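Descriptive structure summary
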Amino acid sequence: MRPVHTALAVLVAAVWGFNFVVIEIGLGHFPPLLLSALRFLVAALPAVFFVGRPKVAWKWILGVGAALGIAKFGLLFTGMAAGMPAGLSSLVLQIQAVFTAVLAAVVLRERPGPVRLLGMAVALAGIGVAAVDRGVAGPATGFVLVVAAAACWGVSNVLTRKAAPPDALNFMVWVCTVPVIPLFALSLLLEGPDRDLAALRALDWSGVAVIGYVAWVSTVFGFGAWGYLLRRYPASSVAPFSLLVPVFGMSSAALVLGEGISGPRWLAAVLLVGGVGLTSLAPARAGRRAAVSAGRPPAAPAASPAP
């Protein structure tokens, strides 16, 4: 990769890592489901009027919008509101690579090779260490919700692979239109209109900045830049930079929020990042042969961006 594009990839990873800190700050202003709804509303509007018509079938946009927008981010924000630290969330969420590999094996018939199986085992060991560390630190509810969010992310990754969108930014902007109304409805139902109205009435410049960052910087800029890199370079060249997201997430949470990083958490980080790297970048054997025999290009390694 050219140096300027390498710098862009690192910048996107930093933006996505710091996003967890911004979410943590935003949860001090808004209930979690309302914050998620506002994030997608602002990301979709007015961008949806400038990206052109959808370039994939609506079934894929609706499917990814439900799995990624409603389920994954709803669970992630709720888990963080339940006490899951921002830095640890950025780390644990990377277990999505294991869920993606398992679902790809079932749905896409991409049989994992020995390297990918080793990576899955290492990443799961990291999740085990993180779970023990979190169990010592406090209630496990937030941890479980973030792991569930990672599973939903795995579902959305497989759906995105099936959709094969030619324009990542166009696809993501249209996906952002799907969860807005369901998330607002869930917020009214579960968080209550009084709590939502109180948060909106108390909106200040800090809250506006949070929404602007998670919607425009993290979503529109992040996915647009990531899609630009994927159009210019093989996924195997771009994907490794996503492993920097928990590094930036944990370090920025420590610097900005004062979150401590214990010895077990460092061990969990090493195991998770290493395992995710092996899982994401190792090719799937059967899926590659099947794709070639069908006259299609082989599926690229998972290059799933972070939130």
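Next up on the list: the overall build of the chain. In terms of regular secondary structure, the chain is built from 15 helices and zero strands. Here the chain, with 307 residues, has 52% of them falling under the buried criterion. Long-range contacts, defined as pairs at least 24 residues apart, comprise 89% of the intrachain contacts of the chain with a sequence gap of at least 6. Just so you have it, the chain exposes about 12,900 Å², and 72% of that area is on carbon and sulfur atoms.

Glancing now at a nonpolar patch on the surface. On the surface, a nonpolar cluster with roughly 360 Å² of combined accessible area is contributed by Ile25, Leu255, Val256 and Leu257. Tallying contributions element by element places helix H13 (residues 245–257) first for the nonpolar patch, with three residues. Summarising the element assignment, Ile25 is placed in helix H1 (residues 3–26). When its relative accessible area of 34% is taken as the criterion, Ile25 is described as partly exposed.

If you trace the backbone, Arg2 turns up in the segment before H1. Take Arg2: its relative accessible area is 49%, and that puts it in the partly exposed class. Here Arg2 is in contact with Arg232 and Tyr233, once residues within four sequence places are set aside.

Quick look at the packing of helix H9 (residues 180–191) against helix H10 (residues 193–201) now. The relative placement of two packed helices is expressed as an angle between their axes plus a distance between the axes. At a minimum axis separation of 6 Å, H9 and H10 run at an interaxial angle of 115 degrees. Between H9 and H10, the interaxial angle falls into the category roughly perpendicular. When H9 is examined against H10, the residues Ser187, Leu188 and Glu191 are found in contact with a partner set consisting of Pro193, Arg195 and Asp196. Here the residues of the contact of H9 with H10 are counted per class, giving two nonpolar, one polar and three charged.

By the element assignment, Val247 lies in helix H13. Sequence-wise, Val247 and Phe18 are 229 residues apart; in three dimensions their C-alpha atoms are separated by 9.8 Å.

Moving on: the confidence of the model for the chain. Looking at the chain as a whole, the pLDDT averages 87, with 90% of positions reaching at least 70. Across the chain, H9 holds the top mean pLDDT of 97, while helix H15 (residues 285–293) sits lowest at 46. Confidence drops under a pLDDT of 50 for residues 286–303, and excluding neighbours within four residues, the segment shows 27 contacts in the predicted structure.

Time to look at the nonpolar core. Ranked by size, the top nonpolar core spans 83 residues in total, and within it Leu76, Val92 and Leu93 carry the most contacts. Leaving out residues up to four positions away in the same chain, Val92 has contacts with Met84, Ile127, Ala130, Phe143, Val146, Val147 and Leu272.

With that settled, consider the environment of Arg231. Among the secondary structure elements, Arg231 is positioned in helix H11 (residues 205–232). For the pair Arg231 and Asp167, spaced 64 residues apart in sequence, the C-alpha separation works out to 8.5 Å. Among all residues touching Arg231, those that are not within four sequence positions of it are Pro166, Asp167 and Ala168.

Looking now at helix H14 (residues 263–281). Over its 19 residues, H14 runs 27 Å from end to end, which matches the ideal 27 Å to within 8%, given 1.5 Å per residue. Within the sequence span of H14, burial applies to Arg265, Ala268, Ala269, Leu272, Gly275, Val276, Gly277, Thr279 and Ser280.

Attention now goes to unusual backbone geometry. Pro46 follows Leu45 through a cis peptide bond whose omega is 5 degrees. For Pro46, the location among the structural elements is in the loop between helix H2 (32–44) and helix H3 (58–81). The phi angle at Ala164 is positive, at roughly 50 degrees, despite the residue not being glycine. Mapped onto the elements of the fold, Ala164 is located in the loop between helix H7 (141–163) and helix H8 (168–177). Exposure remark for Ala164: the relative accessible area of 52% places this residue in the exposed category.

The rules behind each value
- Residues numbered from 1 in each chain as written.
- Predicted model: local features only at pLDDT ≥ 70, side-chain atom pairs only at ≥ 80, totals over all residues.
- Heavy atoms only, no water.
- Helix = DSSP H or I, 4+ residues; strand = E, 2+ residues; numbered from the N terminus.
- Buried < 20%, exposed > 50% of the residue type's maximum accessible area, 1.4 Å probe, protein only.
- Contact = heavy atoms within 4.5 Å.
- Areas by Shrake-Rupley, 256 points an atom, 1.4 Å probe, with all protein chains shown as cover.
- Patch = residues over 30% accessible without salt bridge, like charges linked within 9 Å, V, L, I, M, F, W, Y side chains within 5 Å.
- Salt bridge = Lys/Arg side-chain N within 4 Å of Asp/Glu carboxyl O.
- Axes fitted to C-alpha atoms, helices over the stretch in contact; angles between N-to-C directions.
- Parallel < 35°, antiparallel > 145°, perpendicular 65-115°, else oblique.
- Nonpolar A, V, L, I, M, F, W, Y, C, P; charged D, E, K, R; others polar.
- pLDDT = per-residue confidence, 0-100.
- Core = buried A, V, L, I, M, F, W, Y, C linked by side-chain atoms within 4.5 Å.
- Expected span 1.5 Å × (residues − 1).

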